[in-house]
Amino acid sequence: MSEDDHLLVEYLRRAYHAVDGVWFMKVEEALGFEQALDVDRQVWAILAKIQARKARELTGCPGNTPPELLRCFRLKLTADGHQFEASLTADGIAVLIRGCPWLELLRKSNRQELAARIAQTICPTEGSVWCAEFGGEYEFTMPRMACAGEDACEMRFTRRQA
């Protein structure tokens, strides 16, 4: 990737993060935090569906196998700017996130006290939608959340037993 391509990716990522934060604060001003969080949950449920479908298209992953889910979810996390490790497990995939751009934005805006509440709502919403988009064959859990004071986020997509 060229220098200009890197600049473009960073520019678009920053704009994407800024739009999310600005619209949330405007809804919060108008309707309060709980309403803004509920609207945010609804928006991210739709966006996660769009992201999962586009990731499948871009990666050429039409199936529901753990390697395909891993490849597509890696694309999402990379595009968002996360620092992470992701791997196949015996029953699905595991992701360890050590750097989250959303948490960093909350810290920069001095709103980190809201991080746990937001993460407990938005992350499982996104994870559940990704599970549904991969045939409903997975269950999403988050045993650890950096927004709740842990050293990292741990996400698991576990294949349901037939």
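Residues numbered from 1 in each chain as written. Predicted model: local features only at pLDDT ≥ 70, side-chain atom pairs only at ≥ 80, totals over all residues. Heavy atoms only, no water.

(A) Here's a closer look at the overall build of the protein chain. Within the protein chain one finds 5 helices and 4 strands. Listed by position from the N terminus, the elements making up the protein chain come as α-α-α-β-β-α-α-β-β. For 162 residues, the compact-globule estimate of 2.2 N^0.38 gives 15 Å, and the protein chain sits close to it at 16 Å. If you line up the protein chain on its principal axes, its C-alpha atoms span 45 × 40 × 30 Å. Taking all contacts inside the protein chain whose residues are at least 6 apart in sequence as the whole, residues at least 24 apart take part in 51%. With the model as given, the accessible surface of the protein chain reaches about 9100 Å², and the carbon-plus-sulfur share is 56%. (Helix = DSSP H or I, 4+ residues; strand = E, 2+ residues; numbered from the N terminus. Rg over C-alpha atoms; globule rule 2.2 N^0.38 Å. Contact = heavy atoms within 4.5 Å. Areas by Shrake-Rupley, 256 points an atom, 1.4 Å probe, with all protein chains shown as cover.)

(B) Just the side chain of H17, in detail. Here H17 shows up in helix 1 (residues 3–31). Relative accessible area serves as the criterion here: at 7%, H17 is assigned to the buried category. Apart from residues no more than four positions distant in its own chain, H17 is found in contact with D80, P101, W102 and L105. (Buried < 20%, exposed > 50% of the residue type's maximum accessible area, 1.4 Å probe, protein only.)

(C) Molecular detail of the side chain of R111. Mapped onto the elements, R111 comes out in the loop between helix 4 (101–108) and helix 5 (115–133). Taking the relative accessible area as the measure of exposure, R111 reaches 17% and is therefore buried.

(D) Structural context of the sheet that holds strand 1 (residues 83–89). Taken together, 4 strands build an open sheet; the order of strands is 1-2-4-3 and the sheet is antiparallel. Pairing within the sheet leaves two strands with one partner each, and these edge strands are strand 1 and strand 3 (138–144). Here the average twist between neighbouring strands, direction ignored, is 15°. Sheet analysis places strand 2 (residues 92–99) next to strand 4 (residues 153–159), joined by 6 bridges and oriented antiparallel. Across the sheet, residue I97 finds its bridge partner in strand 4, namely C153. (Pairing = 2+ DSSP bridges. Axes fitted to C-alpha atoms, helices over the stretch in contact; angles between N-to-C directions.)

(E) Structural context of the nonpolar core. Ranked by internal contacts, the top residues of the largest apolar core, which has 42 residues, are V95, W130 and F157. At the level of secondary structure, the elements contributing two or more residues to this core comprise helix 1, helix 2 (33–59), helix 3 (66–80), strand 2, helix 4, helix 5, strand 3 and strand 4. The element best represented in this core is helix 5, accounting for 8 residues. Setting aside residues up to four positions removed in sequence, V95 forms contacts with F73, L77, F84, E85, A86, C153, E154 and M155. (Core = buried A, V, L, I, M, F, W, Y, C linked by side-chain atoms within 4.5 Å.)

(F) Representation of the environment of E126 in the model. Take E126: it is sitting in helix 5. Judged by its relative accessible area of 12%, E126 falls in the buried class. Separated by 77 residues in sequence, E126 and K49 place their C-alpha atoms 8.2 Å apart. Those residues in contact with E126 that lie beyond four places of it in its chain are W44, A48, Q51 and K76.

(G) Layout of helix 5. Across its 19 residues, helix 5 extends 26 Å between first and last C-alpha, which sits within 8% of the 27 Å expected from 1.5 Å per residue. Once helix 5 finishes, G135 follows within two positions and takes phi at roughly 75°, a positive value. (Expected span 1.5 Å × (residues − 1).)

Purely geometric stuff here, so don't read any function into it on its own.
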